[in-house]
Amino acid sequence: MEAIKGRRSIRKYKPDPVPEEALRTVLEAVRWSPSWGNTQCWEVVVVKDLKVKSELATALPNTNPAISSMTDAPLVLVLCGQKGISGYYKGQARTVKGDWLMFDIGLAMQNLCLAAYMLGLGTVIVGMFDHKKVEGILNVPQNVEVVAMTPLGYPAAEGGTPKRKEFSEFVHHEKYGGEKI
Ligand SMILES: Cc1cc2nc3c(=O)[nH]c(=O)nc-3n(C[C@H](O)[C@H](O)[C@H](O)COP(=O)(O)O)c2cc1C
């Protein structure tokens, strides 16, 4: 609960490098994530080169508050998923939801963020950008799609804690909309 409640989106980073061992631990957190039928559709692109980080930043709209963190942080991790694997059996989607790629990559990203927090490292999940542009910059193949990115580095500043909904606003009892008996 400490990690779940203490982790914050970090948008200001120190330039200090991330030790290789810490990067390995963060990738290990992705590796041990749950996934549909253990399909493990994740692919992670580790970006260190300032030139590539700067190119990635151009895919974010100017209004994205994470834009400067893309180049300030020593690393950017880009989480991608192989299409048509998660939620499928013999090429057929098993549920009305179709591809569960977004779900599985979301779980992997949360594991990554919590592991990073445990190591004193900051992350911010970045989802608002031109995905096609990023796929082009990183040479992502057709059968894979980019889902989200995060800078990774030591926090220079922490933002506030955005408020959360109360239980009464999202917990339902017995049936949707049901009150506690
Ligand atoms: C799927 C997803 C996409 C997000 N995209 C962005 C983004 O593009 N830019 C940004 O600054 N923050 C982004 N965030 C971070 C959220 O704004 C942040 O998690 C939320 O405000 C709660 O704050 P906290 O993470 O500090 O608890 C995203 C978060 C999620 C889960």
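Structural data are supplied above this passage.
Residues numbered from 1 in each chain as written. Predicted model: local features only at pLDDT ≥ 70, side-chain atom pairs only at ≥ 80, totals over all residues. Heavy atoms only, no water.

A. Geometry of the overall build of the protein. Assigned secondary structure in the protein consists of six helices and eight strands. Secondary structure elements of the protein, listed N to C terminal, follow the sequence α-β-α-β-α-α-β-β-β-α-β-α-β-β. The C-alpha atoms of the protein give a radius of gyration of 18 Å, which matches the 16 Å a tight globule of 181 residues would have. A principal-axis box enclosing the C-alpha atoms of the protein has dimensions of 55 × 40 × 35 Å. A burial count over the protein gives 36% of its 181 residues as buried. Sequence-distant contacts in the protein: of pairs separated by 6 or more residues, those separated by 24 or more amount to 76%. Accessible area for the protein stands at about 11,000 Å²; split by element, carbon and sulfur atoms hold 56% of it. A gap of 3 Å separates the mean positions of the 22 positive and 19 negative side-chain charges of the protein. (Helix = DSSP H or I, 4+ residues; strand = E, 2+ residues; numbered from the N terminus. Rg over C-alpha atoms; globule rule 2.2 N^0.38 Å. Buried < 20%, exposed > 50% of the residue type's maximum accessible area, 1.4 Å probe, protein only. Contact = heavy atoms within 4.5 Å. Areas by Shrake-Rupley, 256 points an atom, 1.4 Å probe, with all protein chains shown as cover. Lys, Arg positive; Asp, Glu negative; His and termini not counted. Charge placed at Lys NZ, Arg CZ, Asp CG, Glu CD.)

B. Region of the structure containing the site of the ligand. Around the ligand, the structure places 14 residues, and the nearest of them are Arg8, Ser9, Arg11, Asn64 and Arg164. A distance of 2.8 Å separates an oxygen atom of the ligand from a polar side-chain atom of Arg11. Backbone polar atom of Met128 to an oxygen atom of the ligand: 3.1 Å apart, as the coordinates give it. Within the complex, the protein chains bury 65% of what would otherwise be the 620 Å² of accessible surface of the ligand. (Near = heavy atom within 4 Å. Polar contact = N/O pair within 3.5 Å; in protein donor to acceptor, adjacent residues only side chain to side chain.)

C. Layout of the nonpolar core. The biggest cluster of nonpolar side chains holds 22 residues, and the ones touching the most others in it are Leu56, Met70, Val78, Phe129, Val134 and Met149. Of all the elements in the fold, those that place two or more residues in this core are helix 3 (50–57), strand 3 (75–82) and strand 7 (144–153). The residues contacting Met149, other than those within four sequence positions of it, are Leu56, Leu60, Met70, Val76, Leu77, Val78, Met109, Val124, Ile125, Val126, Phe129 and Val134. If you look at the next biggest cluster of nonpolar residues, it comprises 21 residues, including Leu112, Cys113, Val147 and Ala148. (Core = buried A, V, L, I, M, F, W, Y, C linked by side-chain atoms within 4.5 Å.)

D. Expanded view of helix 5 (residues 101–118). Compared with an ideal rise of 1.5 Å per residue, which puts 18 residues at 26 Å, helix 5 spans 26 Å between its outermost C-alpha atoms and is within 8% of the ideal. All of the buried residues in helix 5 are Leu101, Asp104, Ile105, Ala108, Met109, Leu112, Cys113, Leu114, Ala115 and Ala116. Of the surrounding elements, those touching the buried residues of helix 5 are helix 1 (2–6), helix 2 (20–31), strand 2 (42–47), strand 3, strand 6 (122–123) and strand 7. Positive backbone phi, at 80°, marks Gly120, one or two positions downstream of helix 5. (Expected span 1.5 Å × (residues − 1).)

Function-wise, these values are silent; they only describe arrangement.
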